[in-house]
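Each chain is listed here by its residues.
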There are 2 protein chains.
Amino acid sequence: MGATDGDIMDKNEAADKRETGTLGKLMVLLDIVTHADSPMRFTDILAVAGQPRGTLHRQLGHLTEEGLLEVLADGRYAPGLRLLDLASRSWARNEFRLIAEPHLNALQQLTGETVHLGVLRGASVIYLDKVEGSQPVRMYSQIGNASPIYCTGVGKAALSALPDDRLDAIISSVLFQRFTDSTLTPETLRREIADIRRSGNAFDREEHEVGIRCVAAPVCSEDLSFVGGVSVTGPAYRLTFERLEEWALPVRRTAESIMSGMRIGLGPRR
Amino acid sequence: MGATDGDIMDKNEAADKRETGTLGKLMVLLDIVTHADSPMRFTDILAVAGQPRGTLHRQLGHLTEEGLLEVLADGRYAPGLRLLDLASRSWARNEFRLIAEPHLNALQQLTGETVHLGVLRGASVIYLDKVEGSQPVRMYSQIGNASPIYCTGVGKAALSALPDDRLDAIISSVLFQRFTDSTLTPETLRREIADIRRSGNAFDREEHEVGIRCVAAPVCSEDLSFVGGVSVTGPAYRLTFERLEEWALPVRRTAESIMSGMRIGLGPRR
DNA sequence: AATTGAGTTCTGAATAATGGAACTATCGGG
DNA sequence: CCCGATAGTTCCATTATTCAGAACTCAATT
């Protein structure tokens, strides 16, 4: 199982200067509960939320009332079903995903491996879509997942599309966790970004999970409102280094197709 | 393409007596935007939200700031990526889903058809999980989807587990849309519910989509904090009426296994 | 240049959130 | 059975946010 990262988008998320008032406070709670490994009791939340008991109680009540949280039989709080409902709609109609979909399928056909579309959010990559071969594998298990940016092909590809100031801001806000022997550090990451900018391709050589490699290429809109990447991922025994090189170009081509689709689909304000 | 229902959980959702203050108002907006077929301009939202311009502007600003909404290049509002992030976590750790998973897989193996786990939320069914055969079909396209309760096997199974008062409340709050020639009306639904209670199985005989049939059975926790169902779904040419009968028992067995798993997993307040 | 439409900013007044304390319920000993 | 904890809920005067509407900016239209 791929390590899920709990603590990556710390500062970028919270320390945004602007305030969102009541909503912001509630979202902090929602994050606490959804990030927990298992449902939390009132007191558990109280300990980390740093709010007076009365206040917390009302806030959790409101979140529950709205279906964003759920109270289990034993009183513990878990994420609510409304989230699934909201997300499924948000996913189904996502413009970028819709534009990319046919190109992702084509790339999957060509390579026979799993193809991903990911997008940068804060200091994480969120997988927007995934096209697999024939195996009946759990799909939701990836889509929507937030993954670290410094050890996934899509993440590094996305970073390479950013201007230096935003790149620096992100790199310094992330804490680098070591997943495998090959996981990058801030310094090696910077060097790699330079390579990616030159070649147009990012690679993941078992940097996140042993035995998993990928080739990726950046996909972004002109105004950088969308910054992400496409990738082809597979097991190391099939994705030899030659294979990775061989697919570098098709992946880049796919990225370009998606980008030109975005210009058509989003350019004219219909 | 299966019809997606926009307008089903009207009253139950909104007319809940309790107020959630600021959060409630913001969630209404979020619903408006996520329910829209395409991104909405400020003025579009203004028209349906019934809020003063200034107020709406700030509210949308807050939602955007939190990543729940996104502002596209042309200023239109679309659902934000944070929703995916929240939902993926909420799904991955959902207790009921985790308990049901192995049983769903077993049922899929046995029947070779697609197996669903759904749960009642308000007056809709939300699909919590789906196990398919070999076809590489889009999974997210179902999970999280809210479907009508009166014309899906899982929906009818779930209803049959409810006490009469809650059943009545739901039936009267839903507006029955006619999807196919076989779609039920409030009256025929009530009659069917009675059948389901007797036999333990719900069927969908092309009531939602022509050519699609299913057998389902109710799954619920003792305290009715979870009310849902499992189903086996497939094309009419494979799921003959004899087949449906043949699988009625295995589906019921699966439902029972899940329920006993829930008693073990949820009973003792660990 | 004048008009309309779309979006943003500002303000005192209205409303909802806050936090502390008091209250209740449940549990584990002694 | 009672005591003291621990856990969760309710209350209410105070305070901070949100509200509504008007005034304002900016662009496109005529």
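Before reading further, recall that the structure is shown in the block above.
Each value, and the rule that gives it
Residues numbered from 1 in each chain as written. Chains lettered and ligands numbered in written order. Predicted model: local features only at pLDDT ≥ 70, side-chain atom pairs only at ≥ 80, totals over all residues. Heavy atoms only, no water. Helix = DSSP H or I, 4+ residues; strand = E, 2+ residues; numbered from the N terminus. Contact = heavy atoms within 4.5 Å. Areas by Shrake-Rupley, 256 points an atom, 1.4 Å probe, with all protein chains shown as cover. Near = heavy atom within 4 Å. Polar contact = N/O pair within 3.5 Å; in protein donor to acceptor, adjacent residues only side chain to side chain. Pairing = 2+ DSSP bridges. Axes fitted to C-alpha atoms, helices over the stretch in contact; angles between N-to-C directions. Buried < 20%, exposed > 50% of the residue type's maximum accessible area, 1.4 Å probe, protein only. Salt bridge = Lys/Arg side-chain N within 4 Å of Asp/Glu carboxyl O. Least-squares fit on C-alpha atoms with pLDDT ≥ 70 in both. Parallel < 35°, antiparallel > 145°, perpendicular 65-115°, else oblique. Left-handed = near helix turned anticlockwise from the far one by under 90°. Nonpolar A, V, L, I, M, F, W, Y, C, P; charged D, E, K, R; others polar. Core = buried A, V, L, I, M, F, W, Y, C linked by side-chain atoms within 4.5 Å.

1. Focus: the overall build of chain A
The secondary structure content of chain A amounts to 10 helices and eight strands. The long-range fraction of contacts in chain A, counting pairs at least 24 apart against all pairs at least 6 apart in sequence, stands at 59%. Only carbon and sulfur atoms are counted for the fraction: they give 52% of the accessible area of chain A, which is about 11700 Å².

2. Quick look at the protein's contact with DNA strand D
Among the 17 residues in the neighbourhood of DNA strand D, the closest are listed as A:T22, A:T43, A:R53, A:H57 and B:R58. Within 4 Å of the protein, the contacting atoms of DNA strand D are drawn from sugar and phosphate to the extent of 70%. Here a base nitrogen of DNA strand D sits 3.1 Å away from a polar atom, N or O, in the side chain of B:T55. No other element matches helix α4 (residues 53–65) of chain B, which puts six residues into the surface near DNA strand D.

3. Some remarks on the sheet that holds strand β3 (residues 114–121) of chain A
Residues and elements named next belong to chain A. As summarised here, the arrangement of the six strands in space is β5-β4-β3-β8-β7-β6, forming an open sheet in which the pairing is antiparallel. Each having just a single partner strand, β5 (146–148) and β6 (202–205) make up the two edges of the open sheet. Strand-to-strand twist across the sheet, computed as the mean angle between neighbouring axes with direction ignored, equals 35 degrees. Of the pairings in the sheet, the one linking β6 to strand β7 (residues 212–220) comprises four bridges and is antiparallel in character. Residue R205 lies in a different strand from β7, and its bridge partner there is R213.

4. A look at unusual backbone geometry
Positive phi outside glycine occurs at A:L224, with the angle close to 60 degrees. Considering the arrangement of structural elements, one finds A:L224 in the loop between β7 and β8 (227–235). Phi at B:E206 takes a positive value of approximately 55 degrees, unusual for a residue other than glycine. Along the polypeptide, B:E206 turns up in the loop between β6 (202–205) and β7 (212–220). Among the residues examined, B:E206 registers a relative accessible area of 18% and is labelled buried.

5. Topic: the pattern of salt bridges
Opposite charge on two side chains permits them to pair, given that their charged atoms come into close proximity. Counted under the stated rule, the structure contains 34 salt bridges over all chains. Two residues, B:E192 and B:K156, come together in a salt bridge whose shortest N-O distance is 3.1 Å. Linking B:E192 in helix α9 (residues 186–199) with B:K156 in helix α7 (residues 153–160), this pair joins segments that are 36 residues apart in sequence. We note that B:E192, like B:K156, is buried. Taken together, the salt bridges that share partners define one network made up of A:D31, B:E66 and B:R82.

6. Regarding the relation of the copies chain A and chain B
Rotating chain A by 180 degrees and moving it 0.0 Å along the rotation axis overlays it on chain B with an RMSD of 0.0 Å. Expressed as a symmetry operation, the mapping of one chain copy onto the other fits a two-fold axis. When the interface residues of chain A are mapped onto chain B, 97% of them again lie at the interface, so the same face is used by both copies.

7. Things to note about the sheet that holds strand β3 (residues 114–121) of chain B
All names here are of chain B. Ordered in space as β5-β4-β3-β8-β7-β6, the six strands form an open sheet in which the pairing is antiparallel. Looking at the sheet topology across the chains shown, the edges are occupied by β5 (146–148) and β6. This sheet shows a mean twist of 35 degrees between the axes of neighbouring strands, independent of strand direction. One ladder, built from seven bridges, connects β3 with strand β4 (residues 124–131); its direction is antiparallel.

8. Quick notes on the packing of helix α8 (residues 164–173) of chain B against α9(B)
Residue and element names in this part refer to chain B. Two elements in contact, α8 and α9, have axes whose closest approach is 12 Å; the angle formed by their N-to-C orientations is 150 degrees. Looking at the two axes, α8 sits roughly antiparallel to α9. In this structure, the crossing between α8 and α9 has a hand that is right-handed. The residues of α9 that touch α8, namely those facing D164, L167, D168 and I171, are P186, L189, R190, I193 and R197. Its residues assigned to classes, the contact of α8 with α9 shows five nonpolar, no polar and four charged.

9. A word on the pairing of strand β8 (residues 227–235) of chain B
Residues and elements named next belong to chain B. Summarising burial for β8: nine of the nine residues are buried, a large majority. Where β3 lies against β8, six bridges are found, and the strand directions are antiparallel. Residue pairing for β8: T114 is matched across the bridge by T233. The loop that links β7 with its antiparallel partner β8 comprises six residues; one of these, L224, has a positive phi angle of about 60 degrees.

10. Description of the nonpolar core
A:L128 and B:L128 are the most contacted members of the largest nonpolar core, which has 66 residues in total. With residues up to four places along the chain from it excluded, the contact list for B:L128 reads A:L81, A:L84, B:W91, B:N94, B:F96, B:R97, B:L117, B:G118, B:V119, B:I143 and B:F226. Core analysis: the second largest hydrophobic core is formed by 39 residues, A:L29, A:L30, B:L56 and B:L83 among them.

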